[in-house]
Amino acid sequence: MAVEVQRVPQVADPPAGTVVFLIGMRVNSLWKVHRWVPSFLAMIRMLTELHRQREYGFLAARTWLARTVVVVQYWRSMDELMAYAHNLDAEHRPAWARFNRAVGDNGAVGIYHEAYVVDPARTHTVYRNMPPFGLGAATAHRPQRSAPVPSGDGS
């Protein structure tokens with residue numbers, strides 16, 4: 001699948017209240033595979049569910065894999081993110097209960113999340129020579145308004 005690079009500098013144009021959600025896990029004990037693999041698989045199940053059931057308010061996600069897994073998610077609102085987190089019929093709540101029973105505080109695997117509500121007037125984004133990416137791809141993007149661009153000759 002070819003991805004079209006946007007040659008005109010772009011900025012994200014998200015609606016107020018959009019949420020940027022960082023979530024992931026860190027494998028603290030590589031040899032305790034039986035502790036961290038279930039958490040990793042639960043993340044996959046949740047992302048699959050969210051991609052299929054957009055009515056929860058999920059917009060998009062991007063995942064980076066390493067010893068610390070990072071998933072950047074975008075949501076329509078904090079209320080919708082919290083509703084999903086507490087929904088007994090969705091994947092998250094049972095996965096959280098399983099994690100607490102199986103891992104708890106044993107230290108084999110860590111999990112984290114951070115959620116930020118976007119205020120478009122206080123957000124800075126730039127996408128230059130990039131295909132649609134990040135917040136701009138998850139919500140909307142537009143050409144960057146003209147701004148001084150340094151010349152290549154050092155002046």
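Thresholds, definitions, all that
- Residues numbered from 1 in each chain as written.
- Predicted model: local features only at pLDDT ≥ 70, side-chain atom pairs only at ≥ 80, totals over all residues.
- Heavy atoms only, no water.
- Pairing = 2+ DSSP bridges.
- Helix = DSSP H or I, 4+ residues; strand = E, 2+ residues; numbered from the N terminus.
- Axes fitted to C-alpha atoms, helices over the stretch in contact; angles between N-to-C directions.
- 1 Å grid on protein atoms, 1.4 Å probe; cavity = no way out; pocket = protein on both sides within 12 Å on 5 of 7 lines; lining within 4 Å.
- Points joined across faces, edges and corners; volume = space filled by probe spheres on them.
- Nonpolar A, V, L, I, M, F, W, Y, C, P; charged D, E, K, R; others polar.
- Salt bridge = Lys/Arg side-chain N within 4 Å of Asp/Glu carboxyl O.
- Buried < 20%, exposed > 50% of the residue type's maximum accessible area, 1.4 Å probe, protein only.

J.: Before we go on, may I ask you to explain the sheet that holds strand β4 (residues 68–75) in this structure?
T.: By definition, the strands of a sheet pair up through backbone hydrogen bonds, in either a parallel or an antiparallel sense. Spatial strand order, β3-β4-β2-β5: four strands in an open sheet with antiparallel pairing. Whereas interior strands pair on both sides, the edge strands pair on one side only; in this sheet they are β3 (58–64) and β5 (109–117). Strand-to-strand, the axes of this sheet are offset by a mean angle of 15 degrees, without reference to chain direction. Here strand β2 (residues 19–27) runs beside β4; their pairing, made up of eight bridges, is antiparallel.

J.: So what exactly am I meant to see when it comes to empty space enclosed by the protein here?
T.: Summary: where empty space remains is shown by rolling a probe the size of a single water molecule over the atoms. Per the stated rule, a full pass over the model turns up one cavity of 30 Å³ or more. Each pocket or cavity is described by its volume, and for the largest cavity that value is around 30 Å³. Forming the boundary of the largest cavity are Gln 6, Gln 10, Tyr 127, Met 130, Pro 131, Pro 132, Phe 133 and His 141. Residue composition of the lining of the largest cavity, grouped by class: five nonpolar, three polar and no charged.

J.: Mind showing me how you'd approach the pattern of salt bridges here?
T.: A side chain of one charge can pair with a side chain of the opposite charge when the charged atoms of the two come close. Under the defined criterion, the tally for this structure stands at three salt bridges. The partner of Arg 45 in a salt bridge is Glu 91, and the shortest N-O contact between them spans 3.6 Å. Within this pair, whereas Arg 45 is found in helix α1 (residues 33–52), its partner Glu 91 is found in the loop between α2 (78–86) and α3 (92–102), the two being separated by 46 residues in sequence. Note on Arg 45: relative accessible area 35%, which makes it partly exposed. Judged by its relative accessible area of 27%, Glu 91 falls in the partly exposed class. A salt bridge links Glu 80 to Arg 76; the shortest N-O distance between them is 2.7 Å. Judged by relative accessible area, Glu 80 falls into the partly exposed class, the value being 22%. The partly exposed category is assigned to Arg 76, whose relative accessible area is 38%.

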